[in-house]
Each structure stands twice: as C-alpha cells, then as structure tokens.
Amino acid sequence: MPSTEPPPVPPATVLPKVAAVKVADGERLRSVRLPGISLTVRSRRPAREGLPPALYVHGLGGSSQNWSALMPLLDDVVHSEAVDLPGFGDSPPPDDGDYSVSAHARAVVRHLDASGRGPVHLFGNSLGGAVATRVAAVRPDLVRTLTLVSPALPEIRVQRSAVPTGLLALPGVVSLFTRLTREWTAEQRVRGVTALCYGDPARVSPEGFRNAVEEMERRLQLPYFWDAMARSARGIVNAYTVGGQHGLWRQAERVLAPTLLVYGGRDQLVGYRMAQRAARAFRDSRLLTLPDAGHVAMMEYPEAVATAFRELLADTGKPAVGARTDGAVDDEPANQTTGG
C-alpha cells in the first residue's frame, strides 16, 4: 500500500549542495550546532557596542531573510540576530524530525541558552509568533519584550484564504500538490506566495522579487523542503487544538513581557479580527493595526513596525521581568499528535 507521507529525508551530512543563501549588505551568516539541531543565524553589527540583543523568528515557509528589511532600521537600538528554524532557510532538518510548535520553541530556547544572549527583544511572525509566545510564556527570563507580527494563534473561524495552507498538514496533500504543480516555475510560485502574503504585492521591489525567485529555486532543490512545510503546518494545526495550560491563548495570558502586536487589515492568513482578542490576552500589550498590510508587515511596512518598536522601547526601558519557572519548554500533552 503506497504511503501518503513525504519520502524519508536523508541525513544532513549527505544533503546535496545547493546555491548559497542571499546575504544583504551588513549581514553575516553563521552555523550553530546544538543538541539535535543545527541552526543558521543571520546577524547584523550594531551601531555601537553594548546594545541589548534582539532575536527574530520567521513564519511557515519563511526564513531569517524575512527580517532583512526591518533589522537595519533598528541597528542603533538593538543588536539583531534572526534564526532559520530547523528545516527552513539554511538550517537542516532536526535530527528527530519534530516540527511541532514546541520543538521550534525548544530550538529557540537552546540557541538563547547556549549563546547567553538572553534576555532578548523577541520578534515572531506567523508560526514564529506562536513559537515566540510559547518561549515568552515558559521562559520569561529570556524575553525583555515581545513583538508579534500576525501571530499564528488559534482561530475558531479560519479565513477561507488560509484553508489551503492548513491543508498541507493532511497526509497525502503535499504529495498531491507537488504532482499538480510540478510544471510551475519558481517565478510562478513566488507570485502566488506574494499575492497571499502581501496586502499590496506591488510593494515588492524588482530586486526583492528576483531575490525571492532565486531563494525559491534554491529551496526546491532541497529534498526536505516539502516535508518541513507539511510537518510544520501539522504542528500549527495540532497546537490550535491543544487546550488547558498548554493552549496558545492560555500561554499568551501568562506572558509577562511588554508586548507589541502588529496586525494587517489585508492579512489573508491571520484574521484581522483577532487583533482585539490578542490585545486582551497579552496582559501588557499595545496594538499596531495597519489597514493596508498583509501577513508580513515587517517586510511590507518595516518603517511603521520599527517606529512602533522604538516607542515600545522608550515606554518600557526596563530589564526583563519574571524568572525561569520550570526549566523547559512545555510540550503538547502526551496524547496529542505532533509534527514529528
């Protein structure tokens, strides 16, 4: 009987060579080996020494490049690093194949613990927003402030435009999709992603579009690309169904760090209507709504996001609150299927 799961992925040590990842002016990449994972970290040199650290976490199908427009706008207030989650960007798959929200959160925690950079100003978009919420809830000692751009928090009524992304979590859908889109060019795929993620795709510059096409061509050569997408999508869906203290909304209520929430009025993946619920859930929060923005406001309107973050810094200007509570990132309940 044929399997409906993506084919097994070869170990990272035998993965094929692909084109180099794009590095913008002022950025550098390094690889960090941690227990069970290897992470690629994108960083920028701060305007001066001694600035507080910031860490940026991308969304489903994204990479650390998603923060390249925002990071230089904050060079004078934070020392920026953006991480490629396991299986995305230039980071190889995790050794255990676990792409749950908790596994991604553990990867972030391991990096921060190993680097000693915490507490950080933690940013997250979409899936990265869910990951950052979980990190801030269970390891408040690692988070100074929290900035969430269209965070993937559970919605009862999901937008119709978000359904195809959620379907990636179902067994067999990725295999079917890859067969149906085998003839699609990287340019066609990027146009589709841009139309889905931007409020106004015309805001993507010609250079930005060319870079995105090159990155898509590179990713399509990776044998684990669709597996990482499918299992991470499944991880989001699973996290949406978890209740009790492990539920994402319950964890949002536990976050102690001052929180900036950013929502786009044209977001096709995270409902604009969720902005007010999020503002109520995070105890020390402020809300930035951008009516013309889509799902990736930090790419579409980086100046507006940077200004709001600077205001958050000016109004807080205090060390991280809270202390480590339990020494680990919460896992979903044992009877809950995860993306591994």
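Keep in mind the model is a prediction, meaning the values are calculated, not measured. (Residues numbered from 1 in each chain as written. Predicted model: local features only at pLDDT ≥ 70, side-chain atom pairs only at ≥ 80, totals over all residues. Heavy atoms only, no water.)

1. Here's the deal with the packing of helix α1 (residues 101-115) against helix α2 (residues 127-138)
Their axes nearest at 9 Å, the elements α1 and α2 cross at an angle of 65°. With respect to their mutual orientation, α1 and α2 come out roughly perpendicular. Handedness of the crossing formed by α1 with α2: right-handed. Listed contacts from α2 to V101, S102, H104, A105, V108 and V109 of α1 are L127, A130, V131, R134 and V135. (Axes fitted to C-alpha atoms, helices over the stretch in contact; angles between N-to-C directions. Helix = DSSP H or I, 4+ residues; strand = E, 2+ residues; numbered from the N terminus. Parallel < 35°, antiparallel > 145°, perpendicular 65-115°, else oblique. Left-handed = near helix turned anticlockwise from the far one by under 90°. Contact = heavy atoms within 4.5 Å.)

2. So, the pairing of strand β8 (residues 285-290)
Across 6 bridges, strand β7 (residues 259-264) lies against β8 in parallel orientation. In the strand pairing of β8, G264 is matched with L290. With helix α9 (residues 274-281) bridging β7 and the parallel β8, this β-α-β connection has right-handed handedness. (Pairing = 2+ DSSP bridges. Right-handed = clockwise from strand over helix to strand, strands pointing away.)

3. Concerning the packing of aromatic side chains
Counted according to the given criterion, the structure contains 5 aromatic pairs. Each ring, one from Y56 and one from F123, has its centre 4.4 Å from the other, and the planes form 25°; the classification is stacked. On the criterion of sequence distance, the pair formed by Y56 in strand β3 (residues 53-57) and F123 in strand β5 (residues 120-125) is long-range, its members being 67 residues apart. Here Y56 falls in the buried class, since its relative accessible area comes to 0%. Residue F123 is classed as buried on the basis of its relative accessible area of 0%. An aromatic cluster is present here, built from Y56, W67, F123 and F309 joined pairwise through their rings. Positioned over the ring face of Y301 is R203, at 4.1 Å from the centre of the ring. (Phe/Tyr/Trp six-rings, centres within 6.5 Å; stacked < 30°, edge-to-face > 60°. Buried < 20%, exposed > 50% of the residue type's maximum accessible area, 1.4 Å probe, protein only. Lys NZ or Arg CZ within 6 Å of the ring centre and 35° of its normal.)

4. A closer look at unusual backbone geometry
In this structure, P119 follows G118 across a cis peptide bond, with omega equal to 0°. Locating P119 in the fold gives a position in the loop between α1 and β5. Phi is positive for S126, close to 55°, though the residue is something other than glycine. For S126, a relative accessible area of 10% translates into the label buried. Even without glycine at this site, S150 takes up a positive phi of about 45°. Among the structural elements, S150 can be located in the loop between β6 (143-149) and α3 (163-167).

5. Points about the packing of helix α5 (residues 186-197) against helix α6 (residues 206-220)
Axis separation between α5 and α6 bottoms out at 9 Å; the angle between their running directions is 115°. One way to sum up the angle between α5 and α6 is to call them roughly perpendicular. The handedness of the crossing between α5 and α6 is right-handed. The residues of α6 that touch α5, namely those facing A186, E187, R189, V190 and R191, are F209, A212, V213, M216, E217 and L220. Class assignment of the residues belonging to the contact of α5 with α6 gives a composition of 7 nonpolar, no polar and 4 charged. (Nonpolar A, V, L, I, M, F, W, Y, C, P; charged D, E, K, R; others polar.)

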